[in-house]
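Secondary and tertiary structure notes
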Amino acid sequence: MTVQSLQMDPLVLPVLLIVCVFCISLFRRNSLRGKLPPGPTGIPIVGNLFQLPALRPHPKLLEWAAQYGEIFYLKLGGQDVVVLNTAEAADELLSRRSHNYSSRPTPHVAQDILRGGMGLAFLKYDTPFKAVRKALQSALGPGPSKQLRQHQDNESRVLLYDMILHGDQSMLQEPLRGSHGKILDHHWFAPVRRYATSVALYAMYGKRVARFVDNPDLHKIYDIVDNFAHMSQPGSYLADVFPLMRRLPDFLAPWRVKAQELHLWEMGLWGGLVDDCKAALRNGEHRSGFVGSYLNSRTTAGREYAPGKGLTEDGWLQDSLLAYGAGSALEAGSDTTAMSIVTFVLYMLSYPHVLQKARAEIDAVIGTERMPDFDDEEQLPYFVACIKETMRHRPATPLAIAHATVEEDFYKDYIIPKGCTVIGNVWAIHRDPERFFNPTAFIPERFYQEGKPTRWGTRPVSDERDIYAFGWGRRFCQGSHVAEASIFITLSRILWGIDFYAPLDPKTKRPILPDVANEETTWSEGFVSVPHTFKVGFAPRSAKHAELIRKSFDGVQSEWQLLGLEGDDR
Ligand code: HEM
């Protein structure tokens, strides 16, 4: 073909251009793939999707961490995924470069449809997210969260009373099912969950949970949490992984119709709680809690009426976004806290010599005339070390919540693509033998120095961190101050005042307990991995302890009355 003939054919130039663009993109893709972190080989189209158990991914990710080291790459359907397995790599990318690593991968069905695009935990890193996070900081930040402590103090007194009342019930009968078929109203997990939900409900809406047996409102909260956890699980919907499926019409996409229905059902609860705070404000009632005070400020700024799911022109959260912001915080704070308390009880029963040492410390500092208080924390370094070691050994969220990149980035020799899911592998980091001697053993002493207060070591600042149970950077758990205070006050008081014991095997006379090391039989699936129910009995440690617990429960009832809050109904 001559230059002359090329000039003559008008189609040649565009075809050449297309071929060039194709070659350049193929070359770029190949060179990019060459620089991706190493990882297991997948199969075409689905990549590694079927190699990773969707509901219990952390053991497999630990296995790959041992094989590939600090960073590895997976392809899950169309999604790039990078997994960070050392504290150094995760701190560098998720904390120090958090301007780029603070977005989220979006589970399409759970976030875009079920949550109407407003669920806080999966909001992209943009203006609405920043506005919600900033607003919530006024209730959950280090300073404001201290104002919640009086309430946590009171609710923990109710929890102690409930445990005494519960006695051996869990050991003597199989747990009765609650109204929605899942909540175990008469199992000892129920009063612990009540405590955690009540604290979060008060922090958000100035209300409390006064009963846990046959309480449909409480069950609805648990239903919403369960449902979201299930629907947001990777692998639940093909439409999450293959975007083309999102174009199917409704009659071929029943998941969309179902998620739309459930969105209305969720809004009934979260929107109703906001409406309730609005009504209280209009009636001139003082309501503590984030939503009440946010609405108060918004009204003063002339934005009383702000329907919608985004932000007003001057940056206030509109009603639906406010409803989901508060609702998401309540969800995030309920089961994580409750199950951290339950997990601690399981570990203390599994390691009686540790329980004995922690209790001896508490007894020596507190005595029998009063209960432990927040101010006692520095005097209880071994006990705090036990909490930390439990959170290290069994973090409630073994993979935290995945982050996502906003822009392409480089780490060492590797490229991290734009829009890549980035998992901070808490499970592998907490089991890194370079960091923790004999990591599978439960040894609170690793965090303990006699005579020195134990730092929590859970803060976002990388250099002061021991453990990563609350995640990283600009997505770091916003409720960590509330969570730590709850865990400290409830558990120090339980160890102080209550004897807890597992049933004994009639033949061996050994306690019947789930094995903490058995992943499948002891721990639930799901992104919050918690113990399956197990039997425990509770009794006051002495008549004196019992009297103090009962008196303080009565005292709290008077306080609820003074505060205009519902009294406990048992
Ligand atoms: C032991 C109890 C808790 C644990 C283990 C826990 C753990 C976590 C983790 C791992 C994350 C994700 C962090 C990341 O993306 O890097 C998170 C996010 C969050 N947590 Fe917690 N949490 C607990 C209690 C609470 C409480 C009590 C509240 C509030 C009352 C709360 C509110 C939140 C919120 C609002 C987020 C979402 C932050 C975002 O996406 O930007 N959490 N939590």
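Just so we're clear, the structure is a prediction, and the values are computed from it rather than from any experiment.

1. Re the coordination of the iron atom of the ligand
In this structure, the iron atom of the ligand receives exactly one donor atom from the protein: Cys477 (SG), at 2.3 Å. Locating cysteine 477 in the fold gives a position in the loop between α18 (426-429) and α19 (480-497).

2. Re the side chain of histidine 263
Structurally, histidine 263 can be placed in helix α13 (residues 254-282). A residue is classified by how much of its surface remains accessible, and histidine 263, at 16% relative accessible area, is buried. With sequence-adjacent residues up to four places away left out, histidine 263 is seen in contact with Ile113, Leu114, Arg115, Gly116, Met118 and Tyr324.

3. Considerations on the nonpolar core
The biggest cluster of nonpolar side chains holds 113 residues, and the ones touching the most others in it are Trp188, Met204, Tyr205, Phe290, Phe383 and Phe500. Among the elements that take part in this core, helix α15 (residues 319-350) stands out by supplying 17 residues, more than any other. Beyond its immediate sequence surroundings of up to four residues, tyrosine 205 is in contact with Trp270, Leu273, Cys277, Arg287, Ser288, Gly289, Val291, Ala323, Ala326, Gly327 and Leu330. Counting 21 residues, the second-largest nonpolar core is a separate cluster that includes Ala87, Tyr101, Cys420 and Val426.

4. Overview of the pairing of strand β6 (residues 421-424)
The two faces of the sheet receive side chains in turn, since in a regular strand these alternate between them. Every second residue of β6 is oriented toward a common face, with Thr421 and Ile423 on one face and Val422 and Gly424 on the other, all of them buried. When strand β2 (residues 79-84) meets β6, the two strands line up parallel, connected through four bridges. Looking across to β6, one finds that valine 82 is bridged to valine 422. Here strand β3 (residues 403-404) pairs with β6 via two bridges, running antiparallel. Its bridge partner being in β6, histidine 403 is matched across the sheet by valine 422.

5. Quick look at the sheet that holds strand β1 (residues 71-76)
If you trace the four strands from one edge of the open sheet to the other, you get β1-β2-β6-β3, paired in mixed fashion. Strands with a single pairing partner mark the edges of an open sheet, and in this sheet they are β1 and β3. Strand contacts of helix α3 (residues 58-68): β1, β2 and β6, with the helix running at about 130 degrees to β1, the strand carrying the most contacts.

About the criteria used
Residues numbered from 1 in each chain as written. Predicted model: local features only at pLDDT ≥ 70, side-chain atom pairs only at ≥ 80, totals over all residues. Heavy atoms only, no water. Donors = N, O, S within 2.8 Å, 3.2 Å for Na, K, Ca; no water. Helix = DSSP H or I, 4+ residues; strand = E, 2+ residues; numbered from the N terminus. Buried < 20%, exposed > 50% of the residue type's maximum accessible area, 1.4 Å probe, protein only. Contact = heavy atoms within 4.5 Å. Core = buried A, V, L, I, M, F, W, Y, C linked by side-chain atoms within 4.5 Å. Pairing = 2+ DSSP bridges. Axes fitted to C-alpha atoms, helices over the stretch in contact; angles between N-to-C directions.

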